[in-house]
Amino acid sequence: MEQEKPLGQQESIQLITEMIQKVKHHFHESGTSAILWGSVVGIAGLVNFVELYWKFYIGFDIWLLVLAAVIPQVFITIRENRTRKIITYTEAAINAIWLVYGISIFLLVFYFNTVPAATDKLLSQHGVILLRRNSDGTIDAFRYFIPSHGSLLLLLFGIPTMATGIAHKFRIMVWSAILCYIFFLISCFTSNVYDMLLCGLAGIFNWLIPGLVLRKKYMRQKALSV
Amino acid sequence: MSLLISVKEAEFTFLKEKTNSTAGNLSVQIQKLKESGYIDVIKQFKDNYPQTICKITKQGINAFEEYVKNLQTYLDKT
């Protein structure tokens, strides 16, 4: 075995800088996932535009292609994890963001599919039916997409909470975010009145309680370092 | 340690490539760092091949920061 050569101070600093630069310049993002999703969403969007503009239907919902793309994405992720030699902190944080983005898109699609029917049900419970008067004088029942603002707020609340919880491995925030998503699912079926209650509860569980836990840890650490 | 401070985790082959060390030398260094509690070493199998993953510990980060601070103090004085 080679004898260890002691390093001088300048040499040490130089070596440390050189090693950090080597990691920075080690490029391992293949771009495969971006190409997959860019192609799929691009095709789906353009085909849907063509269908709507020229008023025809290709026979199936083109956006199902996006759902199908999850399968190759799983294989890409498995293959890339096998060949990956390092995981940087930035990558880990960005992976958390993309994961949360995926969850949010899935929940948003759920929102688009459930809110109209849930709104109809809530309105009819109050004896309200939406009608539309057409230009030819006829009147028919009309389903108007009334956005559930509370639900959208809850979906947004969950995004930074879950991303922070995963990136920092702060379990309380991960569980808070899961609770927030459960509140979101409930809010798709409840009226605005209860949505506000759910938003309030989300604020308490997402941020107030984790904030108090962080404050306790911070004060404990501060007391130890005095 | 400089390599490990920049990443969440790194494979043995990556460390060997970037440090231009031999496998034997690097193994000895890794063992010393592990015994000092500065790194965690995870040995697992990937596609039937043994894989060694190294992660710096909190103790390792503190020790490295202390070392760099001392170096900077010394260099500021000279």
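The rules behind these values
- Residues numbered from 1 in each chain as written.
- Chains lettered and ligands numbered in written order.
- Predicted model: local features only at pLDDT ≥ 70, side-chain atom pairs only at ≥ 80, totals over all residues.
- Contact = placed C-beta atoms within 7 Å.
- Nonpolar A, V, L, I, M, F, W, Y, C, P; charged D, E, K, R; others polar.
- Pairing = 2+ DSSP bridges.
- Helix = DSSP H or I, 4+ residues; strand = E, 2+ residues; numbered from the N terminus.
- Axes fitted to C-alpha atoms, helices over the stretch in contact; angles between N-to-C directions.
- Parallel < 35°, antiparallel > 145°, perpendicular 65-115°, else oblique.
- Domains from an automatic or database assignment.

Trainee: Whenever I open this one, the interface of chain A and chain B confuses me. Can you help?
Mentor: Many authors give the size of an interface as the accessible area that is lost as the parts come together. Each side of the interface is counted separately: chain A has 18 residues, and chain B has 20 residues. Looking at side-chain class alone, the side of chain A that touches chain B contains eleven nonpolar, three polar and four charged residues. Judged from the three bridges that link them, strand β1 (residues 86–88) of chain A and strand β1 (residues 7–11) of chain B form a sheet pairing that is antiparallel. Following the sheet pairing, I86 of chain A is matched in β1 of chain B by A10 of chain B.

Trainee: What is the right way to look at the packing of helix α2 (residues 32–53) of chain A against helix α4 (residues 70–83) of chain A in this model?
Mentor: Residues and elements named next belong to chain A. The interhelical angle for the contact between α2 and α4, taken along N-to-C directions, is 175 degrees, at an axis separation of 10 Å. On the basis of their axis angle, the class for α2 and α4 is roughly antiparallel. Facing T32, S33 and L36 of α2, the residues of α4 in contact are P72, Q73 and I76. Partitioned by chemical class, the residues of the contact of α2 with α4 number three nonpolar, three polar and no charged.

Trainee: Which parts of the structure should I look at to understand the domain arrangement of chain A?
Mentor: Partitioning chain A into structural domains gives domain 1 (26–86) and domain 2 (90–226). Using only C-alpha atoms to locate each centre, domain 1 of chain A and domain 2 of chain A end up separated by 25 Å.

Trainee: Explain the pairing of strand β3 (residues 49–56) of chain B here, please?
Mentor: For a regular strand, side-chain orientation follows a simple rule: the groups alternate between the two sheet faces. All names here are of chain B. Pairing geometry for β1 and β3, over two bridges, is antiparallel. Bridging across to β3, E11 finds its partner in I53. Note: strand β2 (residues 39–46) against β3, eight bridges, orientation antiparallel. Along β3, the bridge assignment pairs D40 with K55. In textbook terms, the turn of a hairpin is the stretch between consecutive antiparallel strands, and for β2 and β3 this stretch comprises two residues, one of which, D47, has a positive phi near 50 degrees.

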